[in-house]
Amino acid sequence: MNAKILIVDDEPLLVKGLKYSLEQDGYTTEASYDGIEALEKAKEGDYDLIILDLMLPKLDGLEVCQKIREISEVPIIMLTAKNDDIDKILGLEHGADDYLTKPFNILELKVRIKAILRRMNKKDNNVANQIIQIGNFTINTLGRKVTVGGKEVNLTAKEFDLLLLLATNPGKVFTREELLEIIWGYEYFGDLRTVDVHIRRLREKIEKNSSQAEYILTKWGVGYYFKNIYQ
């Protein structure tokens, strides 16, 4: 697959290096150097993945990520200049699928890119075209759409994958380690809170009361599972 990647960073040397390295692997790349330009390109371009720096001029990476999520579920890898947990968590809260802390190893970035793209490419082949009806919401597995009370809910790629995995395995408890391995598709380099952030965002979008979840439940000390409505 000749994937198209948008690189967004205000450091010309870093962008130049990333473009060269990724293009050597067969990717098509484009670049933006500020948040406003990046958002415009994301709206107009058909990208398979976006590498997005947190600190950008004109419009910061968090705002760009959030606005992209309003129109697209394109995978986003956030780059953070600091190793603070709050930066990573904020990136995930705003819709990023993954994050890397600068300075990073280009080989690690490539592993993450390949894993995300491989998983996205398998979606149509591995999931049947069907509508799953659960309570007041539906999951369109091929169209990758979720509606709650008849209204479509905008989920990120990882949020949709989590929901589909849990909903199609009702009653099965998944540890956070298992969810990282299955959903992220490789040996994850981050921490387990990544799963917690995505589960919380997912609950906020599909549950009537996210603080008293009806569908996505917690097995304390173990992990998460979907309520078995067939019992």
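It should be noted that the structure appears before, not after, this text.
Quantities reported herein were computed from a predicted structural model and do not represent experimental measurements.

Draft legend 1. Region of interest: the overall build of the protein chain. Regarding its fold elements, the protein chain presents eight helices and 12 strands. Per-residue burial over the protein chain gives 48% buried out of 231 residues. Taking all contacts inside the protein chain whose residues are at least 6 apart in sequence as the whole, residues at least 24 apart take part in 58%. As displayed, the protein chain has an accessible area near 11,400 Å², and 49% of this comes from carbon and sulfur atoms.

Draft legend 2. Spotlight on the pairing of strand β2 (residues 28-32). Where strand β1 (residues 4-8) lies against β2, five bridges are found, and the strand directions are parallel. Its bridge partner lying in β2, Leu6 is registered against Glu30. In this fold, β1 hands off to helix α1 (residues 12-24), which returns the chain to β2; that crossover is right-handed.

Draft legend 3. Looking closely at the sheet that holds strand β10 (residues 174-175). The antiparallel open sheet is built from three strands, whose spatial order is β10-β12-β11. Two strands in the sheet have a free side with no partner beyond their single neighbour: β10 and β11 (216-219). As paired strands, β10 and strand β12 (residues 223-226) are joined by two bridges and run antiparallel to one another. From the neighbouring strand, Phe174 faces β12, where its bridge partner is Tyr224. The strands touched by helix α6 (residues 157-167) are β10, β11 and β12; relative to β12, the strand with the most contacts, the crossing angle is about 65°.

Draft legend 4. Fine view of the pattern of salt bridges. All chains considered together, the criterion is met by 15 salt bridges. Two residues, Glu108 and Arg112, come together in a salt bridge whose shortest N-O distance is 2.6 Å. Here Arg112 and Glu108 lie together in helix α5 (residues 106-126), a separation of four residues that amounts to about one turn. Between Arg201 and Glu159 there is a salt bridge, with its nearest N and O atoms 2.7 Å apart.

Cut-offs used in this document
- Residues numbered from 1 in each chain as written.
- Predicted model: local features only at pLDDT ≥ 70, side-chain atom pairs only at ≥ 80, totals over all residues.
- Heavy atoms only, no water.
- Helix = DSSP H or I, 4+ residues; strand = E, 2+ residues; numbered from the N terminus.
- Buried < 20%, exposed > 50% of the residue type's maximum accessible area, 1.4 Å probe, protein only.
- Contact = heavy atoms within 4.5 Å.
- Areas by Shrake-Rupley, 256 points an atom, 1.4 Å probe, with all protein chains shown as cover.
- Pairing = 2+ DSSP bridges.
- Right-handed = clockwise from strand over helix to strand, strands pointing away.
- Axes fitted to C-alpha atoms, helices over the stretch in contact; angles between N-to-C directions.
- Salt bridge = Lys/Arg side-chain N within 4 Å of Asp/Glu carboxyl O.

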